[in-house]
Amino acid sequence: MSDTAASMPAPWAPASPAPLGPPGLDRILQDPGFCRHSTGRVAVVEWEAGSGWSEPRIEPYGALSMDPATLGLHYGQAVFEGMKAFRGADGTVSLFRAADHGRRLARSAARLAMAEMPVELFTRACAELVAADAHWVPGGYGQSLYIRPLLLATEAEMGLRPSRGYRCVFLAYPADPCFGSDFRPLAVTAATETVRAVRGGTGEAKCAGNYAASLLTRTEAQAAGYDEALWLDGLERRWVEELSTMNVFFVWHDADGRPRLATPPCDGTIVRGLTRDSLLTLAAGLGLPAVEEPTALDAVRDGIRSGGLAEMFACGTAGVVVGVGRLGTGDADLIIGDGKEGPVTERLRSALLDVQHARTPDTHGWLLPVTGNAGTAAIEGEGRDA
Ligand code: COI
């Protein structure tokens, strides 16, 4: 970086110094939980037919006022992202894979016939919010500022058609991993009665309706003592897809005991997780073979019994990487390995968090610094569509 660039503030740095935050902020940042405390600020971007996208505005957190006939409430045009900003070893705050989250939001929006926000605008709105809220970013390993961009149809109209108005509200919360910072292995159970998605449906879109569709089964699984429901494909009810909040990986051992990772392919019915994608990349760098391959629940059951399946883990932005220790398969409850977190799960989580907290070099260009002098140089070309 040139001296000139280094001395310039990042374009999204707040004009005046950010406030110090509310009394008790230090205590909140020590133990934020998962999204219990809003930073009290949001970024807002709007779209109207005819005028297009507005510039981002940073506003106080507040209730949305909506006409009860709002299209988004009746017909479900609502998509969102879950993404994070991390504090690095030198204190710099960086967004993780911001442009990729913007691209995914645009793809989700396109599937629901909603306006697609330019990736550059999405990235800028996130960066301006995080720059304004930088003092809310906790510093602990695995902690982050969780950003939830929600894009909602806002036009009031009873007829079934795409809205001609949208609002995207970016919320921000200091956060621990959503299943806890201790990464206690999860218990999950296969959903045998209901399905979450079918080919050609909206399963890949990060839309509110998919999460609504998962709630009943997930709640029943939790009432039965599990943390999550494991979804199977909608046609044969045989192939493992994902959890309600996370993608899944299997760690198989070959005859010589060497690990081999596999995760279900993205064929339109599972969310294209950016944590999933990051782990596939990081695994290659660690010399761990990793493939996307269909995996039948029967094969998982047999693998657990024979010991060929050594580990299973879940991954997602909110939960990071967390082992699965117990699997309900419909007819039996099986313990995977010794039920504790396996070494591959731990190794991949550390590799991911080390990049996110800038403890290892960002060789994939996943970090976008939003505070400190690095911000100016980093935005050149970032998040712009080709
Ligand atoms: C995320 O991992 O960020 C998600 O969006 C999942 C959410 C339902 C907690």
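Treat the numbers as computed from the prediction; the structure is a model and nothing was measured.

1. Re helix α4 (residues 98-111)
Part 1 of the argument: Under the 1.5 Å per step criterion, the end-to-end length of α4 is 20 Å for 14 residues, consistent within 8% with the ideal 20 Å.
Part 2 of the argument: Burial in α4 covers these residues: Ala98, Ala99, His101, Gly102, Arg104, Leu105, Ala106, Ser108 and Ala109.
Part 3 of the argument: Among the residues trailing α4, Ala113 stands out with phi positive, at a value near 55 degrees.

2. Quick look at the site of the ligand
Part 1 of the argument: Neighbouring residues of the ligand: Phe80, Gly82, Tyr146, Arg148, Lys206, Tyr211, Thr245, Thr317 and Ala318.
Part 2 of the argument: For the ligand, an oxygen atom lies 2.7 Å from a polar atom in the side chain of Lys206.
Part 3 of the argument: In the model, an oxygen atom of the ligand is placed 3.4 Å from a nitrogen or oxygen of the Thr317 main chain.
Part 4 of the argument: For the ligand, whose free accessible area comes to 290 Å², the fraction covered by protein is 87%.
Part 5 of the argument: Counting the residues that make up the shell around the ligand, at least three belong to each of domain 1 (5-178 + 362-385) and domain 2 (186-340).

3. Observations concerning the side chain of Thr123
Part 1 of the argument: Residue position: Thr123 is located in helix α5 (residues 119-132).
Part 2 of the argument: By relative accessible area, which is 3% here, Thr123 ends up buried.
Part 3 of the argument: Of the polar contacts made by the side chain of Thr123, one reaches the backbone oxygen of Val119; its length is 2.8 Å.

4. So, the packing of helix α7 (residues 274-285) against helix α9 (residues 343-356)
Part 1 of the argument: Running from amino to carboxyl end, α7 crosses α9 at an angle of 105 degrees, the nearest separation of the two axes being 10 Å. Taken together, the axes of α7 and α9 are roughly perpendicular relative to one another. Touching Thr275, Ser278, Leu279, Leu282 and Ala283 of α7 are Leu348, Ala351, Leu352 and Val355, all from α9.

5. Quick notes on the packing of aromatic side chains
Part 1 of the argument: According to the stated counting rule, one finds nine aromatic pairs in the structure shown.
Part 2 of the argument: Ring plane angle 50 degrees and centroid distance 5.7 Å describe the contact between Trp47 and Tyr166, whose orientation is recorded as tilted. Of this pair, Trp47 sits in strand β1 (residues 41-48) while Tyr166 sits in strand β8 (residues 165-175); the two residues are 119 residues apart in sequence, bridging distant segments of the chain. For the pair Trp47 and Tyr166, a shared accessibility class is recorded, and that class is buried.
Part 3 of the argument: Taking 5.0 Å as the distance between ring centres and 50 degrees as the angle between the ring planes, the aromatic pair formed by Phe80 and Tyr211 counts as tilted.

6. Some thoughts on the packing of α4 against α5
Part 1 of the argument: Close contact between α4 and α5 brings their axes to 9 Å; oriented N to C, the two are set at 125 degrees. With respect to α5, the axis of α4 lies oblique. Of the two possible hands of crossing, α4 and α5 adopt the one that is right-handed. Along its contact with α4, which presents Ala98, Ala99, His101, Gly102, Arg103 and Leu105, the element α5 presents Val119, Phe122 and Thr123.

7. Points about the pairing of strand β9 (residues 186-190)
Part 1 of the argument: With five of its five residues buried, β9 lies for the most part within the structure.
Part 2 of the argument: Alternating residues of β9 divide into Leu186, Val188 and Ala190 and Ala187 and Thr189, and every residue in both groups is buried.
Part 3 of the argument: The pairing of β9 with strand β10 (residues 228-232) spans three bridges and is classified as parallel. Counterpart to Ala190 in the pairing with β10 is Leu230.

8. Details of the domain arrangement of the protein chain
Part 1 of the argument: Looking at the protein chain, the domain boundaries give domain 1 (5-178 + 362-385) and domain 2 (186-340).
Part 2 of the argument: Put simply, the middle of domain 1 and the middle of domain 2, counted by C-alpha atoms, are 28 Å apart.
Part 3 of the argument: The interface of domain 1 with domain 2 comprises 23 residues on the first partner and 21 residues on the second.
Part 4 of the argument: When the two sides are added together, the surface that domain 1 and domain 2 hide from each other amounts to roughly 1700 Å², 64% of it contributed by carbon and sulfur.
Part 5 of the argument: The largest per-residue losses of area from domain 1 upon contact with domain 2 belong to Phe80, Arg104 and Arg111, which jointly make up 31% of the total buried on that side.
Part 6 of the argument: Linking domain 1 with domain 2 are one salt bridge, by the criterion used here.
Part 7 of the argument: Note that Asp277 is salt-bridged to Arg97, the shortest N-O span being 2.9 Å.
Part 8 of the argument: Counting every contact that joins domain 1 to domain 2 gives eleven residue pairs in polar contact (both at pLDDT 80 or more).
Part 9 of the argument: Those elements that provide at least two residues to the side of domain 1 that touches domain 2 are β4 (78-80), β5 (83-87) and α4.
Part 10 of the argument: Of all the elements, α4 adds the most residues to the side of domain 1 that touches domain 2, at six residues.
Part 11 of the argument: Here the residues of the side of domain 1 that touches domain 2 sort into eleven nonpolar, four polar and eight charged.

Rules used in this analysis
Each residue is numbered by its place in its chain's sequence as written, counting from 1. Thresholds applied to this predicted model are a pLDDT of at least 70 for local features of residues and 80 or more for the giving and counting of side-chain atom pairs; totals over whole chains, interfaces and linings are not thresholded and use all residues. Where side-chain values are given, they derive from all heavy atoms of the structure, hydrogens and water being excluded. To qualify as a helix, a DSSP run of H or I must reach at least 4 residues; to qualify as a strand, a run of E must reach at least 2; elements of each kind are numbered from the N terminus. One less than the number of residues in a helix, times 1.5 Å, gives the span that helix is expected to have. Working definition: with a 1.4 Å probe on protein chains only, accessible area under 20% of the residue-type maximum means buried, over 50% means exposed, and in between means partly exposed. Nearness here has a simple test: a residue counts as near a molecule or strand if at least one of its heavy atoms is within 4 Å of that partner. In protein, a polar contact requires one atom able to donate a hydrogen and another able to accept it; more generally it is a pair of N or O atoms within 3.5 Å, and residues adjacent in sequence count only if both atoms are side-chain atoms. What sets the accessible areas is the Shrake-Rupley method with a 1.4 Å probe; for residues, cover comes only from the shown protein chains. What fixes the domain bounds is an automatic or database domain assignment. In this analysis an axis means a line fitted to C-alpha atoms, helices contributing only their contacting stretch, and an angle means the value between N-to-C directions, from 0 to 180 degrees. Here the word oblique covers every angle except those under 35 degrees (roughly parallel), over 145 (roughly antiparallel) and from 65 to 115 (roughly perpendicular). Any two residues whose heavy atoms approach within 4.5 Å at even a single point are treated as in contact. Each Phe, Tyr or Trp ring (for Trp, its six-membered ring) is paired with any other whose centre lies within 6.5 Å, and the angle between the two planes then decides the class: stacked below 30 degrees, edge-to-face above 60, tilted in between. Left-handed describes a crossing in which the near helix is turned anticlockwise from the far one by less than a right angle; the clockwise case is right-handed. By definition, two strands form a pair when at least two bridges between them are found by DSSP. Buried area adds together the accessible area that both of two parts lose upon being put together, with accessible area traced by a 1.4 Å probe. In the sections that follow, a salt bridge refers to a side-chain nitrogen of Lys or Arg positioned within 4 Å of a carboxyl oxygen of Asp or Glu. Charged residues are taken to be Asp, Glu, Lys and Arg, nonpolar residues to be Ala, Val, Leu, Ile, Met, Phe, Trp, Tyr, Cys and Pro, and polar residues to be all remaining types, Gly included.

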